[in-house]
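Geometric and topological summary
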Amino acid sequence: MGACMLDLDLLHSFVSVVDAGGFTRAGSRVHRTQSTVSQQIKRLEEKVGRTLLNRDGKNLTLTSEGERLLAYARRILALASEAHDALKHESHGFARLGVTEDFAAAHLPRLLRELKLAEPATVLNVHCAFSSALRYSLEHNELDLALIKRDSAVGGATCTWPEQLAWVVGRGYPADVQRDPVPLVVFGQACLYHNRSLHALESFGRTWRIAYSSPNTPGVQAAVSANLGIGLLPESAVLADHRILTRQDRFPLVTNTELALLTMPNPTARTRRLAEFVIDFCNGVAPPAAKRRLAQRARSRGLSSNRAPNAIA
């Protein structure tokens, strides 16, 4: 195909003809006459320099070039629609927030309810994924801000909250938890907790084996509840039928992780307002131990204890 600018209107008619199976039915879809649609397909064929449809009486079939263009046409039209929606939403307070899946399961419904009351004009697009994927999306301008899990004291965050992880086992777990190798229930390898659990046990002098793996928090919670093994979970994800293990059970304390709020470079006023809202929300739902550490950190820096020390100025 020669280089040309593909007209969205022509591509829309082309896709409609293929989907409808004819010019007449396609005309009703795009609100044009059969002859107008036919002329548009001819114009498109002239632009690309290829025959796109085989016309055999009333039967229409795609040529090989038509099949190739059809796939691109659908993608081009979808992207055009997405761009239009994004710009439309932006003018009405559109914001993109990334959160980890376990945070979403524990807190997202409440966060959305409170945000609706505080910022009724904001249209929020929430994306849930592993922290590594959220960081990538933020770096590539696909998110405005993201709540991720990471190693403590890395720097570069708008605000951070210390996180307490807990080793958990089902209350009816039939085996001796001090026996090696430890049967682990883990997240996927892209999750921070996966490597953290392995390294913590090895540093503590214990051996392990993978008993169960899940890409999400409910899967890990269910496997622990079903006594398939022992898992490492944030405190907010510990269930009533889980038992927390301690050093007396030969499990190390894991404390060097944190929840961090990252924002895009040069955030807009809307993004800054949303970041302030998320900061206040996370301060409110932080576990008691984390709140105590936040208060101690704030006092050491001469800050009010009801605001996290790394909050936006």
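Residues numbered from 1 in each chain as written. Predicted model: local features only at pLDDT ≥ 70, side-chain atom pairs only at ≥ 80, totals over all residues. Heavy atoms only, no water.

Close contact between helix α5 (residues 101–118) and helix α9 (residues 269–285) brings their axes to 11 Å; oriented N to C, the two are set at 125°. The angle between the axes of α5 and α9 places the two elements in the oblique class. Every pair of crossing elements has a handedness; the one defined by α5 and α9 is right-handed. From α5, Phe103, His107, Arg110, Leu111, Glu114, Leu115 and Ala118 reach across to α9, where they touch Leu274, Phe277, Phe281, Cys282 and Val285. For the contact of α5 with α9, a count of residues per class yields nine nonpolar, one polar and two charged. (Axes fitted to C-alpha atoms, helices over the stretch in contact; angles between N-to-C directions. Helix = DSSP H or I, 4+ residues; strand = E, 2+ residues; numbered from the N terminus. Parallel < 35°, antiparallel > 145°, perpendicular 65-115°, else oblique. Left-handed = near helix turned anticlockwise from the far one by under 90°. Contact = heavy atoms within 4.5 Å. Nonpolar A, V, L, I, M, F, W, Y, C, P; charged D, E, K, R; others polar.)

Per the counting criterion, the structure on display carries eleven salt bridges. The residue Asp180 makes a salt bridge to Arg206 at a minimum N-O spacing of 2.8 Å. Of this pair, Asp180 sits in the loop between β7 (165–170) and β8 (182–187) while Arg206 sits in the loop between α7 (192–203) and β9 (208–214), and the two are 26 residues apart along the sequence. Residue class for Asp180 comes out partly exposed when judged on its relative accessible area of 30%. Assessed through its relative accessible area of 2%, Arg206 is described here as buried. Taken together, the shared-partner salt bridges connect Asp102, Lys149 and Glu163 into one network. (Salt bridge = Lys/Arg side-chain N within 4 Å of Asp/Glu carboxyl O. Buried < 20%, exposed > 50% of the residue type's maximum accessible area, 1.4 Å probe, protein only.)

All right, on to the confidence of the model for the protein then. On average, residues of the protein carry a pLDDT of 84, and 85% of them reach 70 or more. Note on residues 294–313: pLDDT under 50 across the span, and 38 contacts to partners over four residues away in sequence or across chains. (pLDDT = per-residue confidence, 0-100.)

The five strands lie next to each other as β9-β8-β10-β7-β11, forming an open sheet whose pairing is mixed. The sheet is open, and its two edges are formed by β9 and β11 (242–245), each paired on a single side. Each adjacent strand pair in this sheet contributes to an overall mean axis angle of 40°, direction not counted. The pairing of β8 with β9 spans six bridges and is classified as parallel. Paired with Val182 across the strands is Trp208, a residue of β9. (Pairing = 2+ DSSP bridges.)

This next bit is on the sheet that holds strand β6 (residues 159–163). Across a sheet, strands are paired by hydrogen bonds formed along the backbone, either parallel or antiparallel in direction. The five strands lie next to each other as β4-β3-β5-β12-β6, forming an open sheet whose pairing is mixed. Each having just a single partner strand, β4 (123–128) and β6 make up the two edges of the open sheet. Taken over all neighbouring pairs, the strand axes of this sheet differ in orientation by 20° on average, direction set aside. Two strands pair when backbone bridges link them, and β6 and strand β12 (residues 257–263) are joined in this way by five bridges, in the antiparallel orientation. For Cys159, the partnering residue across the bridge sits in β12 and is Leu261. Where α5 meets the sheet, its contacts fall on β3 (94–99), β4, β5 (145–151) and β12, and the angle it forms with β4 comes to roughly 175°. Contacts from α9 reach β3, β4, β5, β6 and β12, with the element oriented near 50° to β5.

Before going further, it helps to spend a moment on the nonpolar core. With 27 residues, the main nonpolar core has Trp167, Val177, Leu184, Ile230, Leu245 and Phe251 as its most contacted residues. Breaking this core down by element, the ones donating at least two residues are β7, β8, α7, α8 (217–225) and β10 (230–234). In terms of nonpolar packing, the next biggest core, distinct from the first, is built from 22 residues, Ala95, Leu97, Val99 and Leu145 among them. (Core = buried A, V, L, I, M, F, W, Y, C linked by side-chain atoms within 4.5 Å.)

The next thing to look at is α8. For α8, the complete set of buried residues consists of Thr217, Gly219, Val220, Gln221, Ala223 and Val224. For α8, the capping residue at the N-terminal end is Asn216, with a side-chain oxygen 2.8 Å from the backbone nitrogen of Gly219. Once α8 finishes, Asn227 follows within two positions and takes phi at roughly 65°, a positive value. (Polar contact = N/O pair within 3.5 Å; in protein donor to acceptor, adjacent residues only side chain to side chain.)

This part is about the environment of Ala133. Mapped onto the elements, Ala133 comes out in helix α6 (residues 131–139). You can call Ala133 partly exposed: its relative accessible area is 35%.

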